[in-house]
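Fold and contact review
Each chain, letter by letter, is given below.
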Amino acid sequence: MRIGIPAEIFQEEKRVAATPKTVERLIKQGFEVFIEKSAGTKSGFRDEEYIDSGAHIVESSHEIFNQSDIILKVKEPTLEEVASIQPGTVLICYLRPAQNSELLERLKNQNISAFAVDIIPRITRAQKMDVLSSMANISGYRAVIESAFHFGRFLNGQITAAGKVEPAKVLVIGAGVAGLAAIGAANSLGAVVRAFDTRKEVAEQINSMGAQFLTIDLNEDGATATGYSKEMSEDFIKAEMQLFLDQAKEVDIVITTAQIPGKTAPLLWMDYHVAAMKPGSVIVDLAAETGGNCQLTRNREVFTTDNGVTILGKINQLPKQASQLYGNNLCHLLDDLGKAEKFQIDMSDPIVSQAMVTHQGKINYPPIPLPVAQVTGNKNKSTEQSKQEIQGNKEELKAVKKLKSTLVSLVVVAVLLSIIGQTAPKEFIQHFTVFVLAVFVGWQVINNVSHSLHTPLMAVTNAISGIIVIGGLLQTKNDIGNLLTILSFTAVLVATVNIVGGFVVSHRMLKMFKK
């Protein structure tokens, strides 16, 4: 099968659908790869690199569209490009189907099987094909880097001979992939990071990355089964706007990341929020292309407001890195579709059924939602209660069994000790008593310590092993055949092994905390 990669015709789009490395992978999958001349130039890839990877260079996009079985693109094709694609061809790219109904109609009429990578369902199996996450990771990181450039001073706090520099305060709105990437980058640069999201479930992720989770004191959660936030109530939005106004007076950099697939981005940062910000502050709106989260954002523009706030409606895509990740996502998708040898479009597959927007002369958008297990609130409560009751009964039975086992063991031990006490010599009883107590105490010490603390416990066990070594050496006689000498030597050997092992394990644990 022939795969064709045309050059992107939009001037702002610098990515390419395949890199020299992903071309090698496509060839290993059994495909023959054709790429338009200079298609990778804007991403930093030369035609010679593609040739060395095994691709064929063609002169025009018309040849790509006319002679390929599968076409890999980044942006959606224009109507003129669609007219050049042969019927039956598989097209894989961004399509924005909710905004491009005319394009879908043209693809249907042309009998093109169009796969929209921007609506791949966010299920576990599709994570490796999720281009939105791949690109959002880059945009979140890049948002921090570019905002730092426009901010004009350190992000981290410093105390120098010339004076003290306060750390920059960064607010990230939306804790999806882009938001978390921005939090990580800003925190690593030393900024004081705050983050807001309507989904309370992400609080732990935000805090674990060193940021402060901002929340509203209302019992309302924006989490949904799709992973995206739902529309909140008027009271929540009112409180949210007030929270943002309070933050606008304090923070230096605001990064907004909230987007909803197929819809206009929600307005979160209003003009009065911008007016409240300090001169020199920066806003990076990652949703600029879909309308923007900031009311004053201009798509594909960077400008400064009258009160000195710089608003970025575009950022550098890092096209070389982005193309590599995007190409990897497409390779994973083609793996899932059977590679060249067993390539097929199975509309019963949940990934294909959700993302294949046109197939066999039909439009499949919007797709039938994937089934999600849902139960009513009362049912949830009763189920949870029954689970808790079952768990409680199990724990009670375990406790009873453990008590019975302990009582039986104590009775058996008492009987054995009474027999030994009546028959053994007095000196033996003294030593045996010390031995039994040592075993009991040692067992209780180790058994009742959490497994996570067993490594710190090595220090104690090493000390005990040291005492055993000294005792064993004192009991060793010159007579090699003496039973006491053999036992003493064995004790010294085992205790030494334990000490050495304890030091080795402790050393490895300590190395984990070194950078």
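Since the model is a prediction, treat every value here as computed from it, not as a measurement.

Focus: the overall build of the protein
A count of helical and extended segments in the protein gives 16 helices and 17 strands. The proportion of buried residues among the 515 residues of the protein is 39%. Put simply, 63% of the contacts in the protein that link residues at least 6 apart link residues at least 24 apart. For the protein, the exposed area adds up to about 29,200 Å²; of that, 58% sits on carbon and sulfur atoms.

Quick look at the nonpolar core
Counting residues in each nonpolar core, the largest one holds 57 residues, and the members touching the most others are L72, I92, Y326 and L334. For L72, the residues in contact, after removing those within four places along its chain, are I3, G4, I5, P6, A17, L26, I92, L330 and L334. Among the nonpolar cores identified, the runner-up in size contains 29 residues, and A168, V170, V193 and V202 belong to it.

A few points about a nonpolar patch on the surface
A cluster of nonpolar side chains, contributed by L403, L407 and L410, occupies part of the molecular surface with about 310 Å² of accessible area. Considering the arrangement of structural elements, one finds L403 in helix α13 (residues 377-423). Of the residues examined, L403 reaches a relative accessible area of 54% and is grouped as exposed.

Let's talk about the pattern of salt bridges
Close approach of charged atoms allows side chains with opposite charge to pair. Counted under the stated rule, the structure contains 20 salt bridges. For D252, the salt bridge is made with K278, and the minimal N-O distance between the two is 3.0 Å. Of the two residues, D252 is situated in the loop between α9 (234-248) and β12 (253-256) and K278 in the loop between α10 (271-276) and β13 (282-285); the sequence distance between them amounts to 26 residues. Taking relative accessible area as the criterion, D252 reaches 6% and is therefore assigned buried. The class of K278 is partly exposed, set by a relative accessible area of 33%.

Description of the pairing of strand β5 (residues 90-93)
By the alternation rule, side chains of β5 split into V90 and I92 and L91 and C93, which are all buried. Bridge count for strand β4 (residues 70-72) against β5 is three bridges, and the pairing is parallel. Within β5, the position partnered with I71 by the bridge is L91. Pairing of β5 with strand β6 (residues 113-116), which is carried by four bridges, proceeds in the parallel orientation. Paired with L91 across the two strands is A114, which belongs to β6.

Examining the packing of aromatic side chains
With the rule as written, the count across this model stands at four aromatic pairs. The lysine or arginine in question, R2, covers the ring of F34, its NZ or CZ lying 3.8 Å from the ring centre. The ring of F303 carries the charged tip of R298 above its face, separated from the ring centre by 3.8 Å.

Observations concerning α9
Helical geometry: 3.6 residues make up each α-helical turn, so side chains three or four residues apart lie on a common side. The end-to-end C-alpha separation of α9 is 21 Å, in line with the 21 Å expected for 15 residues at 1.5 Å each. Those residues of α9 not exposed but buried are F236, E240, M241, L243, F244, L245, Q247 and A248. Those residues of α9 that are buried are in contact with β9 (169-173), β10 (192-196), β11 (212-214) and α10.

Topic: the sheet that holds β9
Ordered in space as β11-β10-β9-β12-β13-β15-β14, the seven strands form an open sheet in which the pairing is mixed. What marks the edges here is a single partner per strand, and that holds for β11 and β14 (302-304). Across this sheet, the average inter-strand angle for adjacent strands is 20°, counted without regard to direction. Summarising the sheet, β14 and strand β15 (residues 310-312) pair through three bridges and their orientation is antiparallel. In the strand pairing of β15, F303 is matched with I311.

Describing the sheet that holds β4
In space, the eight strands of this open sheet follow the order β3-β2-β1-β4-β5-β6-β16-β17, with mixed pairing throughout. The outermost strands of the open sheet, each flanked by one partner alone, are β3 (56-58) and β17 (362-363).

Thoughts on the pairing of strand β2 (residues 32-36)
For a regular strand, the rule is simple: side chains alternate between the two faces of the sheet. Burial of β2 is extensive: four of the five residues sit out of reach of the surface. Sheet topology places strand β1 (residues 2-5) next to β2; four bridges connect them, and they run parallel. For G4, the partnering residue across the bridge sits in β2 and is F34. Direction of pairing for β2 relative to β3: parallel, over a ladder of three bridges.

Topic: helix α16 (residues 483-511)
If you check α16, its first and last C-alpha atoms are 43 Å apart, about what 29 residues at 1.5 Å a residue would give, namely 42 Å. Restricting attention to buried positions, one finds in α16 the residues T485, S488, V492, A495, I499 and G502.

Some remarks on the confidence of the model for the protein
The predicted model of the protein has a mean per-residue pLDDT of 87, with 88% of residues at 70 or higher. Contacts of residues 373-383 to residues separated by more than four positions or lying in other chains number one contact, the stretch itself having pLDDT below 50.

As for the packing of helix α6 (residues 131-151) against helix α11 (residues 319-336)
In contact at an axis separation of 9 Å, α6 and α11 are set at 165° when each is read in the N-to-C sense. As summarised for this structure, α6 and α11 are arranged roughly antiparallel, according to the angle between their axes. In terms of crossing hand, the pair formed by α6 and α11 is right-handed. Between α6 and α11, the contacting residues are V131, S134, M135 and I138 on the first element and Q321, A322, L325, Y326 and N329 on the second.

The rules behind these values
- Residues numbered from 1 in each chain as written.
- Predicted model: local features only at pLDDT ≥ 70, side-chain atom pairs only at ≥ 80, totals over all residues.
- Heavy atoms only, no water.
- Helix = DSSP H or I, 4+ residues; strand = E, 2+ residues; numbered from the N terminus.
- Buried < 20%, exposed > 50% of the residue type's maximum accessible area, 1.4 Å probe, protein only.
- Contact = heavy atoms within 4.5 Å.
- Areas by Shrake-Rupley, 256 points an atom, 1.4 Å probe, with all protein chains shown as cover.
- Core = buried A, V, L, I, M, F, W, Y, C linked by side-chain atoms within 4.5 Å.
- Patch = residues over 30% accessible without salt bridge, like charges linked within 9 Å, V, L, I, M, F, W, Y side chains within 5 Å.
- Salt bridge = Lys/Arg side-chain N within 4 Å of Asp/Glu carboxyl O.
- Pairing = 2+ DSSP bridges.
- Phe/Tyr/Trp six-rings, centres within 6.5 Å; stacked < 30°, edge-to-face > 60°.
- Lys NZ or Arg CZ within 6 Å of the ring centre and 35° of its normal.
- Expected span 1.5 Å × (residues − 1).
- Axes fitted to C-alpha atoms, helices over the stretch in contact; angles between N-to-C directions.
- pLDDT = per-residue confidence, 0-100.
- Parallel < 35°, antiparallel > 145°, perpendicular 65-115°, else oblique.
- Left-handed = near helix turned anticlockwise from the far one by under 90°.

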